[in-house]
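Structure at a glance
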Amino acid sequence: MKRSGGGAARRLMAAVCVVCGILAFWSGMLLLSHWDDLWSAGDFYQSGSIVYPFIRCRHCVQEAMELRMTQSWGAEEDYLQHTRLEKLEAGLAAEETNYRFLVRDEASGQVLWGNTDEAALDQAAARETMRFSVSWGEQLRAQDETVWNSDDWSYKVLHVYTPEGMVVIDPMAGQTNTGGADASGTEYAERPYNQYGYAYLPEEDLWQYDSGQDTRIHQAGLVLESGVAVPLTVEDDFMEAMGDYQAFQTWLTPVTLLFLAAASMALFLLTRLCTRAGRRRGSGEIVLSWWDRFPYELCLSSGVLLFAVLLRAGDPIAYTINQSGFSLRVLVGLGLLSLVGGWAVLSLLLTTAVRLKSHTLLRSTLCWQAGAWVIRQCRSLPSRWPMERRTVCLFLLYLLGTAITTPTIILIPVYQGFVLWRLCRWVHQWKSIRAATGAILGGTPEVQIDTTGMYHDLREHAEQLNDLGAAINNAVDERLKSERFRAELITNVSHDLKTPLTSIINYVDLLKKTDIQDPRALEYIGVLDRKSQRLKKLTEDLVEASKASTGTLPVNLERLDFAQLLTQAMGEYEEKFQLSGLTPILDPAEGDYSILADGRHLWRVIDNLLGNCCKYALPGTRVYLDLVRWDGRVTLTVKNISRNPLNIPAEQLMERFVRGEAARTTEGSGLGLSIARSLTELQGGMFRLAIDGDLFKAVVSMPAAPAAPPPPVPPSASPAREEADPAEELSF
């Protein structure tokens, strides 16, 4: 419950973090879009909101002046240009806009166009003065071309384009250039250019161009003085921008507070999530999920791809906002896209935090894994060679390095020092292996050699020595355990068998046959009888346990019905269960529970398990016996609640002379479970115990018997069988 509650709290924290992050993002974007307005102190004319309509009006003035100057230079004006000029002039009239301007000639200062006078312009706000130029004719110059003359193709003819049409200039028909060089190499006089800015160079058969001599190109330098009327009197872009600015000033404080609160909360929750990310509740251990093991480049690539999809999906929403503003549908769509993006960012941040804490950020990248694979292959390739080949290769590499570094005297000590350092490392590692070998021979098998950084061959040798030491250690532990078991066996047996068993039983029988009337004497005789019988049973169990553990008992495997045998045992133990206050529950499912076992030995196993239930189970509880057939085996599971606390391991409970209660006040000998396991394994079965608190569970698994052969066909049925259908015979 704690784990599920913690997971729910963490998911709730992540959801709140995403929502706060989205609020902080959009409020921050809104503040950034009006960044200049934050510092204008409520003055619209000093804010950034006035810039955008101002720039639009300035561009309109420049476009209109270009059309007006082109018209004044005599250029042909088409319908679209004429309509555009009329629209611009009407839109820039003082009655239609709050934008005030004057356009002057840069050279003379003469006013060429405007919608106000100088006095009114001086009272305008957001004053600006700028230079710009207007030119026309470059498009004609771009169409000029030279072609070879059509007579003998010996020189080039110039085709010049003018507003009236194309003009062909043939330098041989009427040269306008007398410059050049004579046969002696004397330079010609300065070359004159024609009205189109071209001069012909006969020595190179080339037309030279100078834009300053071209009368088709017209240029004019202009000065634009502009500003915004105070106060605004016309409903235009400036008035709309001023309304938006004033509206922004009203909710500037709430948006700023929302941004600060949401950003602070998002950072706080993100810090908490990153701190707890990947840690197992209670232990603090870092546990990597499948997402944390996913290659990091693919995580980033999937995030980038997701954001590209979100941006593409957000284009229609942005277009709708620009055209018709916000609506409920737009807000819902924008919120959904923001939630998906927020979850993606949070997932990337959390997996990055987990990888950093587990030091797997670089190891989880494909580049790192590919590089590590290449290095492993390069390292493992020489290890597959015989040691003689590796020695020869290393010697040849040493000779090659010596030959390369000998011409460079400076690198000789560096290279030889490196080789000497590698040899010293090998000697040091070999000394540690020899020291560990001596320690193992000296009686300290638990010594372990640190194989970190060892060479391949030495590391393999050191690991083998470590395994050898561990094996010796285990063997010593097993021997000590066996010795301890023997000592305990001798102690317990000597404690229980102080008097000769046969004499006790005989004298008890004699006393029972005498005519004794004293009730106390009869009670004493009964005690002696019970104790002698218990001692006899203990001796028999000990002998049987020894025979079963050594495998000297004869085993006669035969086909038995496990369910029937268990039912018979339950019938015999019915009265004992009632006296012990236990309720047995046995309800095997329908099916075949035939096994291969020795009936006498299997009965002893079942008898020991049911007897233990009567001795050690808590009165007033149930004893469950489950019999199932699965995977070629028939398994019996006996479960009961222990009367005394089971504070010992299940393996120790199956040892000899070990009881479930430490006071040793019950009638058991401590050999029943050991005998049951030995007899079960002697028949090819498996026996195991499981303890969960006070729940004791014993499992006996025996191999299932193969399917019974079909009954033989009577001789009288042979003719009918010969006439049977082949398909039916195959089915049989």
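Here is a short report on the structure shown in this document. (Residues numbered from 1 in each chain as written. Predicted model: local features only at pLDDT ≥ 70, side-chain atom pairs only at ≥ 80, totals over all residues. Heavy atoms only, no water.)

Turning our eyes to something else, we now look at the overall build of the protein. Looking only at helices and strands, one finds 23 helices and 16 strands in the protein. With 732 residues in all, the protein has 33% of them scored as buried. Summarising the internal contacts of the protein: among those between residues at least 6 apart in sequence, 66% fall at separations of at least 24. Approximately 45800 Å² of the protein is accessible, and the part contributed by carbon and sulfur atoms is 60%. (Helix = DSSP H or I, 4+ residues; strand = E, 2+ residues; numbered from the N terminus. Buried < 20%, exposed > 50% of the residue type's maximum accessible area, 1.4 Å probe, protein only. Contact = heavy atoms within 4.5 Å. Areas by Shrake-Rupley, 256 points an atom, 1.4 Å probe, with all protein chains shown as cover.)

Below, the discussion takes up the pattern of salt bridges. Under the definition given, this model contains 13 salt bridges. A salt bridge links E106 to R131, with the shortest nitrogen-to-oxygen separation between them at 2.7 Å. A residue pair is termed long-range when its members are at least 10 positions apart, and E106 in the loop between β1 (99-105) and β2 (111-114) and R131 in strand β3 (residues 125-136) qualify at 25 residues. Connected through salt bridges with shared partners, the residues R104, E118 and E225 form a single ionic network. (Salt bridge = Lys/Arg side-chain N within 4 Å of Asp/Glu carboxyl O.)

Let us look at the sheet that holds strand β4 (residues 145-148). Strand order across the open sheet formed by 3 strands is β4-β5-β6, with antiparallel pairing between neighbours. Edge positions in the sheet fall to β4 and β6 (165-169), since each has one partner strand and no second. Direction aside, neighbouring strands of the sheet carry axes that sit 30 degrees apart on average. By the bridge criterion, 5 bridges tie strand β5 (residues 156-162) to β6 in an arrangement that is antiparallel. In the sheet register, T162 faces β6, and the bridge partner there is G165. (Pairing = 2+ DSSP bridges. Axes fitted to C-alpha atoms, helices over the stretch in contact; angles between N-to-C directions.)

Another aspect to go through is the packing of helix α12 (residues 387-405) against helix α13 (residues 411-441). Between α12 and α13, the shortest axis-to-axis distance is 9 Å and the interhelical angle comes to 160 degrees. The angle between the axes of α12 and α13 places the two elements in the roughly antiparallel class. Of the two elements, α12 crosses α13, and the hand of that crossing is right-handed. Mapping the contact onto sequence places L397, Y398, G401, T402 and T405 in α12 and L411, I412, Y415, Q416 and V419 in α13. (Parallel < 35°, antiparallel > 145°, perpendicular 65-115°, else oblique. Left-handed = near helix turned anticlockwise from the far one by under 90°.)

Let us now look at a positive patch on the surface. Taken together, R10, R272, R276 and R281 make up a surface patch of like positive charges. Here R281 shows up in the loop between α7 (252-276) and α8 (290-293). Using a relative accessible area of 52% as the deciding quantity, one classes R281 as exposed. (Patch = residues over 30% accessible without salt bridge, like charges linked within 9 Å, V, L, I, M, F, W, Y side chains within 5 Å. Lys, Arg positive; Asp, Glu negative; His and termini not counted. Charge placed at Lys NZ, Arg CZ, Asp CG, Glu CD.)

This paragraph deals with the state of the cysteines. On inspection of all chains with the given rule, the structure shows 0 disulfides. No disulfide involves C17; its nearest neighbouring cysteine sulfur is the one of C20, lying 7.1 Å away. Judged by relative accessible area, which is 7%, C17 ranks as buried. Looking at the unpaired C613, the closest cysteine sulfur is the one in C614, lying at 6.8 Å. Under the relative-accessibility criterion, C613 is labelled buried at 2%. (Disulfide = S-S within 2.5 Å.)

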